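Letter by letter, the chains look like this.
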Amino acid sequence: MKSTQYSEKTLDHFRNPRNVGTLEGPDVAVGKVGNPVCGDLMYMYIQVKDDRIADIKFQTFGCGSAVATSSMTTELVRGMTLDEAMQVSRGNVADALDGLPPIKMHCSNLAADALHEAIKSWREGRRGETPEAPAPGTVRQSCELPPTIVEGFDALVGKGVYRQEPNPDELKDRRVLILDRGERSVKLALALTEHTGRVVFMSPYKQPEAKDDFRAPLKRSDVKVLYESQLLAVLGEFEVEKVRVHDLNENEEYELTVDAVVALE
């Protein structure tokens with residue numbers, strides 16, 4: 001399987017996730033895993049009867065793979081004994097989805113870990129507890145690749161790849177791609193339109209990650225916006241010449257000609 005290729009089963013669980021939601025009551029336990037600072041966050045709710053998982057729901061603040069793996073995990077373990085469910089591994093989840101791209105395998109690990117945490121909570125007597133949902137804007141909802149492992153990124157730092165805000169004069173009339181890194185990156189994209197008419201803003205989400213809503217300012221600007229898109233590679237022999245992009249919605253890859261890539265740290 002290619003690094004970005006998803007099986008039809010994975011896409012189906014992403015588009016039509018099963019068992020999304022919460023459970024409450026004295027026969028319910030909850031597992032929570034993830035880190036709201038770096039991205040993925042997942043809750044798994046299990047309702048237990050006669051030492052079996054009678055019902056199960058999940059909430060996840062992550063990418064499409066996190067949704068698909070959570071959905072599949074709930075399908076796998078419903079009706080299992082707690083001992084059987086504790087044996088479910090990330091490999092079982094990935095296999096049930098007909099495989100996952102290597103870069104997304106950690107999502108299946110997250111789903112299995114959340115399930116195991118829920119079972120531990122039940123066995124430790126922490127039942128009937130409902131966690132408070134994170135406040136809007138406090139979770140990045142991200143599983144995207146950090147720029148350090150984007151193909152070709154490191155090799156072209158200083159040759160058209162910027163990790164810090166560049167001098168706008170260096171980018172005058174150049175084709176500039178800015179990756180969504182929150183509010184600073186949106187403001188940079190808008191500001192650069194004063195220096196070049198060829199600014200592209202790319203986000204893996206359906207809207208900018210910034211806490212404030214920048215969709216309208218971006219729409220009114222000359223910035224070309226690519227939502228639900230992920231940078232896969234920066235290409236060029238001596239300087240940036242183009243990038244390879246994954247359209248997350250269509251699950252397609254394509255190349256885009258650019259002169260500079262900005263991914264703020």
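Residues numbered from 1 in each chain as written. Predicted model: local features only at pLDDT ≥ 70, side-chain atom pairs only at ≥ 80, totals over all residues. Heavy atoms only, no water.

With that out of the way, let us pick up the confidence of the model for the protein. Taken over all residues, the pLDDT of the protein has a mean of 82, while the share at 70 or more is 83%. Confidence over residues 136-148 falls short of pLDDT 50; this stretch has 37 contacts with residues more than four positions distant or in other chains. (pLDDT = per-residue confidence, 0-100. Contact = heavy atoms within 4.5 Å.)

Before going further, it helps to examine the pattern of salt bridges. Under the counting rule described, the total for this entry stands at 12 salt bridges. The salt bridge partner of Arg 123 is Asp 83, with a shortest N-O separation of 2.6 Å. In this pair, Arg 123 sits in helix α5 (residues 105-123) while Asp 83 sits in helix α3 (residues 82-86), placing the two residues 40 residues apart along the sequence. You can call Asp 83 partly exposed: its relative accessible area is 47%. (Salt bridge = Lys/Arg side-chain N within 4 Å of Asp/Glu carboxyl O. Helix = DSSP H or I, 4+ residues; strand = E, 2+ residues; numbered from the N terminus. Buried < 20%, exposed > 50% of the residue type's maximum accessible area, 1.4 Å probe, protein only.)

Moving on, we get to the packing of aromatic side chains. For the structure shown, the criterion picks out 0 aromatic pairs. Note that Arg 127 overlies the ring of Trp 122, its terminal NZ or CZ placed 3.7 Å from the centroid. (Phe/Tyr/Trp six-rings, centres within 6.5 Å; stacked < 30°, edge-to-face > 60°. Lys NZ or Arg CZ within 6 Å of the ring centre and 35° of its normal.)

The next thing to look at is the side chain of Thr 81. Along the chain, the position of Thr 81 falls in the loop between α2 (64-77) and α3. Apart from the residues within four sequence positions on either side, Thr 81 is in contact with Asp 51 and Arg 52.

Among all residues save glycine, negative phi is the norm, and among peptide bonds the norm is trans. Of note, the phi angle at Asn 19 is positive, near 65°, even though the residue is not glycine. As for its placement among the helices and strands, Asn 19 is situated in the loop between α1 (8-15) and β1 (28-34). For Asp 173, which is not glycine, the phi dihedral falls at a positive 60°. Its place among the elements puts Asp 173 in the loop between β4 (161-162) and β5 (176-179). Exposure remark for Asp 173: the relative accessible area of 48% places this residue in the partly exposed category.

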